[in-house]
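As a plain string of letters, each chain reads:
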Amino acid sequence: MLVGLVSAKGSPGVTTAALALASSWPRTALLLEADPFGGDVRAGLGRGEWPLSAGLAEVVVDLRSIDIHEALNQRVHRPAPYAPPVLAGLGCVGQAPSVPWSRLGAELARLAGADVVADCGRFTPADGVAPLLQVCDALVLVTNSSLRAVRAAARIAPQLQAELAVAPDDPHVMVLVIGADCPYSVAEIAQGCRLPPLGELPDDRRAAGVWSDGDPTWRAFPRSPLQREARRLATKLASLGTRGRRSA
Ligand SMILES: Nc1ncnc2c1ncn2[C@@H]1O[C@H](COP(=O)(O)OP(=O)(O)OP(=O)(O)O)[C@@H](O)[C@H]1O
Ligand SMILES: [Mg+2]
């Protein structure tokens, strides 16, 4: 199963949400950094200590001679026991169009033994990541709850539904709210975007810092508000399973 997370303009939190969900996935899950503006995890979660050749750019080269399983075995890195295995993203802005997203996505979507949660960064229709979005089993639009963020999210919701060729209200394209009720509720945002709600991840700065900046964990980290809710939402997402029809 391949799940893509994208954000709209004005809504930070997609990398944190993707890592929190992948770390809480009920099955084995790999985090793919597919942000066309470049990866965050090497400097964030990895605090600058990431094996140099462990990333997406290397997998793209590997795929010319070896299969996806072999490539991932060499290039995926798990930076800490509480973290999911991660394929770190691109180092340069502008590299995204050179990645064969369609082939890579199709292979990741039917990977044996693992689901893939993809941090696709901020959505732009012409950035080259669209072929990956199109082969996802589910897409999650990440937004904050301010009017500005919700307006931006509502503008791109129909484009995400078009990428998966699904109707409004189809459960395979959902909205995830980071810090609801400031001021809009999850239900109001879902209605405004015409997307089914996946739910909310709470505003939890301490736990978020573990994922975004590699801050240290503490004993009760798994019971933090962020991780508790991530577990619930990951279970809900994972239960969607693969889509019957696939466009690539
Ligand atoms: N649920 C949350 N509660 C509190 N703070 C959060 C939450 N999620 C993310 N943050 C904080 O917001 C900031 C941006 O988060 P993150 O890097 O996940 O955003 P992003 O959308 O991936 O940004 P970018 O556009 O740079 O890739 C970080 O400081 C992170 O700790
Ligand atoms: Mg990010």
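In this report, we go over the structure that sits alongside the text.

The rules behind these values
- By convention here, each chain's residues receive numbers from 1 onward along its written sequence.
- Here the convention is simple: chains get letters from A, ligands get numbers from 1, in the order in which they are written.
- Side-chain atom pairs in this predicted model are given and counted only at pLDDT of 80 or more, local residue features only at pLDDT of at least 70, and totals for whole chains, interfaces and linings cover all residues.
- Hydrogens are left out, water is left out, and the side-chain values use all remaining heavy atoms of the structure.
- Helix numbers and strand numbers start at the N terminus; a helix is a DSSP run of H or I with at least 4 residues, a strand a run of E with at least 2.
- Just to be clear, the radius of gyration here is over C-alpha atoms, and the globule rule we use is 2.2 Å times residues to the power 0.38.
- Each residue gets one of three labels from its accessible area relative to the maximum for its type: buried under 20%, exposed over 50%, partly exposed in between, using a 1.4 Å probe on protein chains only.
- Every residue pair with non-hydrogen atoms within 4.5 Å of one another is taken to be in contact.
- Residue burial considers only the protein chains on display, and all accessible areas are found by Shrake-Rupley using a 1.4 Å probe.
- By nonpolar core we mean a set of buried residues, namely Ala, Val, Leu, Ile, Met, Phe, Trp, Tyr and Cys, connected to one another through side-chain atoms within 4.5 Å.

**A closer look at the overall build of the protein chain**
Piece 1. Looking only at helices and strands, the protein chain has nine helices and seven strands in total.
Piece 2. Its C-alpha atoms give the protein chain a radius of gyration of 17 Å, near enough to 18 Å, the size a compact globule of 248 residues would have.
Piece 3. When its C-alpha atoms are laid out on the principal axes, the protein chain stretches across 50 × 45 × 30 Å.
Piece 4. Taken over 248 residues, the protein chain has a buried fraction of 56%.
Piece 5. Within the protein chain, contacts between residues separated by at least 24 positions form 73% of all contacts whose residues are at least 6 apart in sequence.
Piece 6. About 10700 Å² of surface is accessible on the protein chain, with carbon and sulfur atoms providing 52% of the total.

**As for the nonpolar core**
Piece 1. Counting 52 residues, the largest nonpolar core has Leu32, Trp101, Leu104, Leu132 and Leu141 as its most contacted members.
Piece 2. Looking at which element gives the most residues to this core, the answer is helix 6 (residues 147–164), with seven residues.
Piece 3. Here Leu104 is in contact with Leu56, Val59, Leu63, Ile68 and Val99, once residues within four sequence places are set aside.

**Details of the environment of Ala126**
Piece 1. Structurally, Ala126 is set in the loop between strand 4 (115–122) and helix 5 (130–134).
Piece 2. Classification of Ala126 as exposed rests on a relative accessible area of 78%.
Piece 3. On a C-alpha basis, the gap between Ala126 and Pro97 in space is 9.3 Å, while along the polypeptide they are 29 residues apart.

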